[in-house]
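Observations on the model geometry
As a plain string of letters, each chain reads:
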Amino acid sequence: MEKIRSSEITPEHLYLSRRKFIKGSLALLTSMFLFNEACARSGVPSVATEQFCDMATASQNMDELGDVLTDCEDIINYNNFYEFTTSKETVAGLAKDLRISPWTIQVGGLVKNPKTYAIEDLARMFDQEERVYRLRCVEAWSMVIPWLGFPLAKLLKEVEPTSEAKYVRFETLFDPEQMRGQTTLHYYDWPYVEGLRLDEAMHDLTILSTGLYGHTLLPQNGAPIRLVVPWKYGFKNIKSIVKIDLVAEQPVSLWMAAAPSEYGFYANVNPKVAHPRWSQASERRIGEFGRRETLPFNGYAEEVAHLYEGMDLKEFF
Ligand SMILES: Nc1nc2c(c(=O)[nH]1)N[C@H]1C(S)=C(S)[C@@H](COP(=O)(O)O)O[C@H]1N2
Ligand SMILES: [Mo]
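Quick summary incoming for the structure in this document. (Residues numbered from 1 in each chain as written. Chains lettered and ligands numbered in written order. Predicted model: local features only at pLDDT ≥ 70, side-chain atom pairs only at ≥ 80, totals over all residues. Heavy atoms only, no water.)

Across the seven residues of strand β10 (residues 241-247), six count as buried, placing the element largely inside the fold. Strand direction decides the pairing type here: strand β1 (residues 104-109) and β10, joined by four bridges, are parallel. Residue pairing in the sheet places Q106 in a bridge with K243 of β10. One ladder, built from six bridges, connects strand β5 (residues 167-172) with β10; its direction is antiparallel. Bridge assignment links V168 to a residue of β10, and that residue is L246. (Buried < 20%, exposed > 50% of the residue type's maximum accessible area, 1.4 Å probe, protein only. Helix = DSSP H or I, 4+ residues; strand = E, 2+ residues; numbered from the N terminus. Pairing = 2+ DSSP bridges.)

With that out of the way, let us pick up the state of the cysteines. Tallied over the entire structure, the rule returns one disulfide. Between the sulfur of C53 and that of C72 lies a disulfide, 2.1 Å long from S to S. Looking along the S-S bond of the C53-C72 disulfide, the torsion reads about -75°, which is the left-handed sense. With C53 in the loop between α2 (45-51) and α3 (72-77) and C72 in helix α3, the pair connects residues that are 19 residues apart, well separated along the chain. A relative accessible area of 8% places C53 in the buried class. (Disulfide = S-S within 2.5 Å.)

Neighbouring ligand 1 are 17 residues; N79, Y82, E83, N237 and K239 lie closest to it. Within the contact set of ligand 1, an oxygen atom lies 3.0 Å away from a side-chain nitrogen or oxygen of N221. Its free accessible area being 540 Å², ligand 1 has 98% of it covered by the protein chains. Residues that form the shell around ligand 1 fall into these classes: seven nonpolar, seven polar and three charged. (Near = heavy atom within 4 Å. Polar contact = N/O pair within 3.5 Å; in protein donor to acceptor, adjacent residues only side chain to side chain. Areas by Shrake-Rupley, 256 points an atom, 1.4 Å probe, with all protein chains shown as cover. Nonpolar A, V, L, I, M, F, W, Y, C, P; charged D, E, K, R; others polar.)

This is how it looks when you write it as structure tokens:
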């Protein structure tokens, strides 16, 4: 891969080497949590939001395929978060006052050590790594995002799944007073639920994200903590998680309940299997002209295809 001269990249992007994780960012992240808390207390979260992209940092300016990072402003202003609205351009404004502190995640179900974690505990317990991943929405657009977070496997090992645990079920906050979509979009079965098979959840690519571009997540991106599974369609990346359960049966996600013929459990990115209403063969990379070919497993086949050996690819959807 060609090295980019520092003069060719925006100043906030410190170019180190690919796959190099931010180290010592624990203190940074802890201070950002304190900053957010202070903001929440003083009621001025909009100040942090306005400065978010001016102060953007990432240790890599491209992913392992050489795809450049999507502009920070696009990542924080073009969102899917149906708890607020179905209109991608207005999520940020409607979500900006979501109370994200205090916040706890209850981890339980078929585990030996069920526990409720405060979000600050997770930041303290696990190194926050930078992971540059492509995000491919089922609506056929995509971005490249420098996430901060930690492997979900680390948290699962803490709670120790029992031998009966086969799947992981995730749940988003249910709070219609703060999330008006949970009332106005009454067609959906709130709260938003997603799930993974246990081996998918334990895979090193699967992370819980607490930040992006060097800062703690903004509400529109799923603050304070959301799932990121880069080889699956975007809707699997459940936001603003309050509950994680280890379960024996395959969970029914919000999208499976809403439209079972359109959204399946696995939802692995697959250019060969069309959505019933549109092709999945190509995608629009936000910030680029023209379209790109969609890659099997969103380009992560080498890492994850073995998880699905013997399964019918069409079942993926
Ligand atoms: N709780 C919740 N999580 C969600 C969604 C949602 O509506 N509610 N939308 C999903 C979809 S369709 C996509 S493409 C991604 C978008 O993440 P982003 O806005 O951070 O880019 O979030 C996913 N996670
Ligand atoms: Mo999506």
